Structures are given as structure tokens and as C-alpha cells.
There are 2 protein chains.
Amino acid sequence: LGPGVEFDMIRRFLSADPGAGLPEEVRVGPGDDCAVIGPGDLAISTDLSIEDVHFRRDWLEPEEIGYRAAAGALSDLAAVAARPIGVLAALALHRRDVDVMAQAIMDGVRGAAAEAGAALIGGDTSRSPGPVVLDVVVVGIASGPVLRDGAKVGDGVWVTGELGAAAAALRAWEAGALPRPDARAAFARPQPRLREALWLAERLVMHALIDLSDGLAGDAGHIAAASGVHIAIDGKTLPVHPAARAAGGDYPHLLAIHGGEDYELCFTADDAAVLALAGDFTARFGVRLTRVGVVSEGSGVSIDGRDGTPGGGFDHFAGGDA
Amino acid sequence: LGPGVEFDMIRRFLSADPGAGLPEEVRVGPGDDCAVIGPGDLAISTDLSIEDVHFRRDWLEPEEIGYRAAAGALSDLAAVAARPIGVLAALALHRRDVDVMAQAIMDGVRGAAAEAGAALIGGDTSRSPGPVVLDVVVVGIASGPVLRDGAKVGDGVWVTGELGAAAAALRAWEAGALPRPDARAAFARPQPRLREALWLAERLVMHALIDLSDGLAGDAGHIAAASGVHIAIDGKTLPVHPAARAAGGDYPHLLAIHGGEDYELCFTADDAAVLALAGDFTARFGVRLTRVGVVSEGSGVSIDGRDGTPGGGFDHFAGGDA
């Protein structure tokens with residue numbers, strides 16, 4: 001797990017619950033993107049979206065609040081190469097928001113679920129004393145889950161797509177500006193790489209896998225920590241999204257390295273195996289595969305030879321007054 | 001589903017997602033206490049606890065906030081006769097609360113899970129702009145789930161334990177008083193009837209089953225609606241908890257009928273089959289079984305011959321200013 005108050009808190013929670021005490025049905029316990037429970041190889045994850053922490057209501061339409069929360073949650077299934085089955089949505093709204101927002105938020109949840117081949121199978125609703133609260137639970141089948149702990153020394157580190165667009169939108173809003181349409185779309189309607197992850201997993205290419213929710217530096221750090229390896233990122237190879245490139249100065253690379261919520265995949269693999277499939281992959285999905293680093297002995301993440309961990313990731317306890 | 005804004009909202013959510021569109025792996029979709037997914041017969045439910053809606057921080061210790069939320073969520077597994085396996089906890093706290101509350105809340109979640117034979121297998125954490133938000137996801141195995149839709153005309157309606165204690169605590173706090181210790185314990189540390197439900201399910205006694213989270217009137221209404229029957233409650237047979245009886249006047253019966261969060265079981269069954277087991281049940285679990293009504297043709301719930309539905313249940317959108 002990477003740095004920051006949020007991760008420290010998660011680490012504390014989990015350290016008091018050693019894997020040795022898990023019921024035999026639990027195949028993957030806490031610490032990866034999903035828990036996996038057998039029989040049935042069900043992958044389960046839960047993902048909170050809270051107003052004024054994860055989004056502001058003047059940034060997103062209600063339907064987008066639901067879509068984005070569900071897409072981000074579904075990305076946790078992509079992160080272990082699971083096939084989506086169902087979504088449960090726990091939604092709390094202030095009474096004044098029920099009539100205007102509830103249906104649209106749930107339409108967004110249902111839309112993201114349907115695009116992923118999943119159905120809304122349950123949930124909970126409540127009054128909120130203020131902020132919109134949406135916790136999305138995703139359930140999928142992970143017959144051959146790819147976890148964070150399989151990276152091997154000598155592996156290449158690969159990412160799908162382009163990085164930094166959602167962070168560029170966030171930066172624009174926080175500066176009081178309007179984001180570019182492509183940046184806004186990346187933030188409001190992220191596309192979890194579910195089919196891409198399954199396709200790669202079926203071909204047994206990936207040794208370790210995660211989705212880029214905290215940012216490349218933070219998420220590569222999760223793989224490094226779980227696998228007991230060092231990951232060296234080569235900054236000049238990063239596939240920086242045009243919306244991030246437009247930020248100018250040092251920002252494009254910072255957004256691509258530390259910007260959260262790209263929901264692209266990051267995996268480690270034998271480079272030759274990836275190169276043999278990359279053309280087919282891009283032809284099928286219209287998404288690039290880019291080698292951005294290498295796995296070596298050691299620990300932590302470096303970027304162009306410098307420590308990449310401090311301040312990395314997207315820390316929901318950092319920044320802001322609340 | 002019963003009356004009230006909360007239930008209307010749930011009904012709206014689910015009505016747009018017809019069961020016909022569910023993936024084949026979904027054995028029980030939205031509308032019962034849990035979704036059930038095969039293969040593996042995994043039962044899944046999610047349950048929100050939000051500060052100043054479900055509890056106030058001057059009522060509960062942080063450990064109790066976690067325990068109560070997890071116990072209430074686990075009760076949804078009891079409500080379909082599922083065996084608990086795992087719990088995922090999504091917790092959001094204001095930064096000022098992290099150090100003092102996070103560990104204790106999670107200790108409470110873990111304690112309730114451990115008592116139920118389940119482990120903490122995942123979760124999420126976030127900053128909150130204000131209130132403590134805790135969504136507990138429960139996962140169990142429901143080899144023979146007992147649902148809400150199986151009530152038969154002529155069945156008796158039975159409940160476990162005694163009713164109204166949690167509501168008596170709530171009433172005391174809201175009146176500015178301190179609740180009796182037994183009432184406070186019922187609210188702060190509810191005991192989901194997991195082993196009791198499994199024991200009864202193994203003996204094939206129950207035709208329809210629910211847990212009393214919304215209150216007997218509301219929850220019997222859920223069974224009536226799902227089963228297409230009428231349920232007539234006989235008020236004088238209700239097993240009113242001593243803490244509710246102490247309220248005086250009409251309150252004892254109102255608390256027992258409409259008070260939420262007792263987390264006892266309510267089921268319908270052939271009376272003779274229940275009577276044959278009731279002695280064993282009470283000897284084993286130290287919990288009474290009481291017949292409180294009968295299933296007949298029709299719809300809705302009546303209490304002593306009067307309509308029992310309006311204002312029934314524990315509506316998280318009703319009452320209060322927020």
C-alpha cells in the first residue's frame with residue numbers, strides 16, 4: 001500500500017485481521033482490488049463516492065455522479081480481471097435532493113452497470129444530513145484473478161490508454177476554469193477496462209495487475225509493495241493524454257504520474273509476450289498498450305531514478321479544509 | 001415494499017430494472033434482503049449507517065457505531081438464512097475524527113463480524129465533509145435461501161425474541177433522557193439471529209422470512225407484498241420487550257409494532273411445525289418464538305383489524321429537519 005493518511009488507515013484496519021483467520025471460502029482477502037470468495041470465484045469490492053470529496057455537484061450532472069461512481073467501482077473488477085455480474089448501490093441524499101437527483105443518479109449507476117454487462121441487484125437508501133453519499137458494491141466472477149502480488153524481476157510495466165485527463169479536469173475546476181470536453185468526459189464518464197483485462201487475462205500475459213485509481217505512482221507502488229519488488233518508471237515514455245499535455249510546463253507529467261482516477265490498467269508482464277499481442281489488442285479495443293517501466297529487485301517506486309512515492313497517489317484525506 | 005418516501009424511492013429504482021434482464025448467475029435479484037448469486041449461492045447485501053440519521057455520536061461509543069452497523073448488515077444474511085463469510089466496510093470520516101474514531105469503529109465492525117463467524121475481507125476509506133458514513137457489505141452462503149415471497153394462506157406469523165427495546169432507547173434519547181441499560185444495549189449492540197435462522201431453515205420450517213429492521217408492521221408488509229397475501233397481526237400477542245413495556249400508556253405496543261431495528265426474525269410457517277420445534281429452539285438459543293398473527297387472502301397488514309401500514313416502518317426520510 002502506498003503513502004498517505006488514507007492508506008495508513010487502510011493498513012491499520014487490515015493489519016489487525018491476519019489472513020490466517022480468514023474463513024476457508026475466502027480465496028483473496030483484504031489488500032487487493034477485490035476480495036474473491038469461493039466456491040464460485042466471486043470477486044467483490046466496494047467504492048465510496050461522496051459529494052465535496054470525490055466530486056462537486058456543480059461539476060457533474062446527477063446522472064454522471066452515478067455513472068462515475070459505478071464505473072470507478074467496476075474498474076476494481078477490471079483490476080483483478082473479473083467479469084461483472086451485479087452492482088448494489090447504497091445511496092443517501094438530503095431530503096431536498098431526493099426528487100431531483102435520486103432517479104438520475106440511479107440511472108447513471110444502471111447505465112454504467114449495463115455497459116459492463118452487469119445488473120443492479122440490490123442496494124440501500126437513506127436520508128443524508130447533507131452530502132450526496134453513494135457506495136457502489138460490484139460483484140463479478142474471477143475464474144483466474146490476476147492480483148497485485150505477482151510482479152517478477154525483469155517484467156515490463158505496461159499501461160493501457162492515456163493518462164492524466166481526469167486530473168486535468170480536476171485541476172481546471174479547482175482553478176475556477178472549465179475543463180476541456182475530453183478532460184471532463186474522462187472525469188465524468190470513465191471507461192473501466194473490463195473487456196481489455198479479461199482479454200489479456202485469458203491470454204495469461206499479466207503477472208500482476210491493478211487499475212489506475214490512485215495515480216500511476218501510487219498504484220505501481222501497490223504492486224511493488226504486494227510483490228516485494230521495485231518499480232522504475234521512465235517518465236519520458238508515459239502516454240500523456242492530450243488534455244493533460246495541454247496543461248503546459250511540468251504539469252503534463254505530474255498529472256500523468258500522480259493524477260488519480262484514470263481507470264486505465266497497469267500490469268507487469270514479460271515484454272515479449274505483450275509485444276506479441278499489442279497489435280491485436282489495439283486493433284480490437286482501440287486502446288494503446290505502452291511500456292512505462294521495469295520491475296527490479298528492491299522496494300518502492302522510482303520515477304526517472306528519483307523516489308516516486310512521497311505525495312504520490314490521490315489521497316482523499318489530503319487537501320481541502322474538510 | 002411498505003410505505004414512505006424511502007420505500008417509494010427503492011421501488012422506483014427497482015421498477016426500472018425488470019428481473020427479466022438479470023444475468024443468469026443472479027438467483028435472487030433486487031427486492032429481498034439479499035441478492036443471491038450462483039454458482040456458489042453467495043448472498044450479498046449492503047447497509048448504510050450515517051451519523052445524525054441512524055445514530056448520533058453522543059449516543060454511541062465509536063466501537064458501538066461499527067458494531068451496530070455491522071450487526072444490522074449481518075441481520076440481512078439472517079433474513080435469508082445465509083451463513084456469514086465476509087464483511088466489507090466502507091468508512092468515511094472527517095479528518096478531525098480519523099485518529100480518534102477510525103480504529104474503534106473498525107474494531108466494532110470486526111467484532112460483530114467475528115461473532116457471526118465472518119472476517120473483514122475488504123472495504124474502502126474516504127474523507128467525509130462532515131458526518132461519519134459507514135456502509136457495511138455482507139457476504140454469506142445461502143444454500144437454501146428463505147425469501148419474502150413464500151408466505152401461504154393459513155400460515156402463522158412468528159417472531160423471535162422481544163420487540164421494541166431499540167425503539168425505546170431511541171425514544172428516550174430523543175426526549176433528552178438516558179435509556180434503560182437493556183434498551184441502550186438493544187440499540188447499540190443488536191444481536192442478529194444468524195444461527196437461529198440457519199437452524200430453522202435446516203428444518204425447513206419457514207415459508208417466508210424477513211428480519212425486523214423497519215419494524216414489525218413495515219416488515220410484515222414486505223412479506224405480504226412479496227407473497228401477495230394479507231397479514232393480520234394480533235396486538236395482544238406481541239412479545240413486548242420489558243424496556244418497551246416500561247414506556248407506559250400506548251407506547252409499549254407502538255414501539256413493538258412500529259419500532260425499527262429490533263433485528264429479530266419474522267417468518268411465516270405452518271403453526272404445528274413451529275410448535276413441534278419451539279421447545280428445542282428456546283432451549284438451544286435462549287430465545288422465545290411467539291405467534292403474532294396469521295396469513296390470509298388479500299394484501300397489506302392489519303393490526304387488530306385496523307390498517308397497519310400507514311406510518312409503519314422506520315422511515316429514514318421521515319422526521320427530523322435534515
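In this text, all values refer to a predicted model and were calculated from it rather than measured experimentally. (Residues numbered from 1 in each chain as written. Chains lettered and ligands numbered in written order. Predicted model: local features only at pLDDT ≥ 70, side-chain atom pairs only at ≥ 80, totals over all residues. Heavy atoms only, no water.)

Trainee: Explanation requested: helix H5 (residues 181–188) of chain B in the structure shown.
Mentor: Given 3.6 residues per helical turn, the α-helix brings residues three or four places apart onto the same face. Residue and element names in this part refer to chain B. All buried positions along H5 are accounted for by Ala183, Phe187 and Ala188. On an axial view of H5, the arc spanned by its buried residues comes to 125 degrees, and they lie on one face. For H5, the elements touching its buried residues are helix H2 (62–78), helix H4 (165–174) and helix H8 (242–245). (Buried < 20%, exposed > 50% of the residue type's maximum accessible area, 1.4 Å probe, protein only. Helix = DSSP H or I, 4+ residues; strand = E, 2+ residues; numbered from the N terminus. Arc of directions from axis to C-beta. Contact = heavy atoms within 4.5 Å.)

Trainee: Is there a simple way to think about the packing of H4 of chain B against H5 of chain B in this case?
Mentor: A pair of packed helices can be characterised by two numbers: the angle between their axes and the separation between those axes. Residues and elements named next belong to chain B. It is the contact of H4 with H5, at a shortest axis distance of 7 Å, that shows an interaxial angle of 105 degrees. Classified by the angle their axes make, H4 and H5 are roughly perpendicular. Only Ala183, Arg184, Ala186 and Phe187 of H5 make contact with H4, whose side of the interface consists of Ala165, Ala166, Ala168, Ala169, Leu170 and Trp173. (Axes fitted to C-alpha atoms, helices over the stretch in contact; angles between N-to-C directions. Parallel < 35°, antiparallel > 145°, perpendicular 65-115°, else oblique.)

Trainee: Can you help me understand the packing of helix H6 (residues 194–202) of chain A against helix H10 (residues 271–285) of chain A in this one?
Mentor: All names here are of chain A. Packing of H6 against H10 leaves a shortest axis separation of 11 Å and a crossing angle of 150 degrees. With respect to their mutual orientation, H6 and H10 come out roughly antiparallel. The chirality of how H6 crosses H10 is right-handed. Facing H6, whose interface residues are Arg195, Glu196, Trp199 and Leu200, H10 presents Leu277, Asp280, Phe281, Arg284 and Phe285. Tallied by class, the residues present in the contact of H6 with H10 amount to five nonpolar, no polar and four charged. (Left-handed = near helix turned anticlockwise from the far one by under 90°. Nonpolar A, V, L, I, M, F, W, Y, C, P; charged D, E, K, R; others polar.)

Trainee: I would appreciate a short explanation of the sheet that holds strand E4 (residues 83–93) of chain A in the present structure.
Mentor: Whenever strands of a sheet pair, they do so through backbone hydrogen bonds, lying parallel or antiparallel. Residue and element names in this part refer to chain A. Strand order in the open sheet formed by six strands is E1-E2-E3-E6-E4-E5, and the pairing between neighbours is mixed. Looking at which strands have only one partner, the edges of the open sheet turn out to be strand E1 (26–28) and strand E5 (119–127). When strand polarity is set aside, the average angle formed by the axes of neighbouring strands in this sheet is 25 degrees. In this sheet, strand E6 (residues 133–141) lies alongside strand E3 (residues 42–50) in antiparallel orientation, the contact comprising nine bridges. Bridge assignment links Ile44 to a residue of E6, and that residue is Val139. (Pairing = 2+ DSSP bridges.)

Trainee: What should I look at first to understand the pairing of strand E8 (residues 206–211) of chain A in this one?
Mentor: Both faces of the sheet carry side chains from a regular strand, because those side chains alternate between them. Residues and elements named next belong to chain A. Extensive coverage of E8 is indicated by the burial of five of its six residues. In this sheet, strand E10 (residues 265–269) lies alongside E8 in antiparallel orientation, the contact comprising five bridges. By the bridge assignment for E10, Asp211 is matched with Leu265.

Trainee: When you look at the packing of aromatic side chains in this model, what are you seeing that I'm missing?
Mentor: Scanning the model with the defined rule gives twelve aromatic pairs over all chains in all. On the numbers, 4.8 Å between centres and 5 degrees between planes, the contact of Trp59 of chain B with Trp173 of chain B is stacked. Of this pair, Trp59 of chain B sits in the loop between strand E3 (42–50) and H2 while Trp173 of chain B sits in helix H4, and the two are 114 residues apart along the sequence. Under the relative-accessibility criterion, Trp173 of chain B is labelled buried at 10%. Three or more aromatic residues link up through ring pairs in this structure, and these residues are Trp59, Trp173 and Phe187 of chain A. In this structure, Arg189 of chain A is placed above the aromatic ring of Tyr67 of chain A, and the distance from its NZ or CZ to the ring centre is 4.0 Å. A cation over a ring is seen here: Arg171 of chain B above Tyr251 of chain B, with NZ or CZ 3.6 Å from the ring centre. (Phe/Tyr/Trp six-rings, centres within 6.5 Å; stacked < 30°, edge-to-face > 60°. Lys NZ or Arg CZ within 6 Å of the ring centre and 35° of its normal.)

Trainee: What should I look at first to understand the side chain of Arg148 of chain B in this one?
Mentor: Residue position: Arg148 of chain B is located in the loop between strand E6 (133–141) and strand E7 (156–160). A polar atom in the side chain of Arg148 of chain B sits 3.3 Å from the backbone oxygen of Gly31 of chain B. (Polar contact = N/O pair within 3.5 Å; in protein donor to acceptor, adjacent residues only side chain to side chain.)

Trainee: In this structure, what is going on with the sheet that holds strand E4 (residues 83–93) of chain B? I would like to understand it.
Mentor: Residue and element names in this part refer to chain B. In spatial order, the strands read E1-E2-E3-E6-E4-E5; together these six strands make up an open sheet with mixed pairing. The open sheet has two edge strands with one neighbour each: strand E1 (26–28) and strand E5 (119–127). Along the sheet, successive strands turn relative to each other by an average axial angle of 25 degrees, direction set aside.

Shape is all these values report; function is a separate question.
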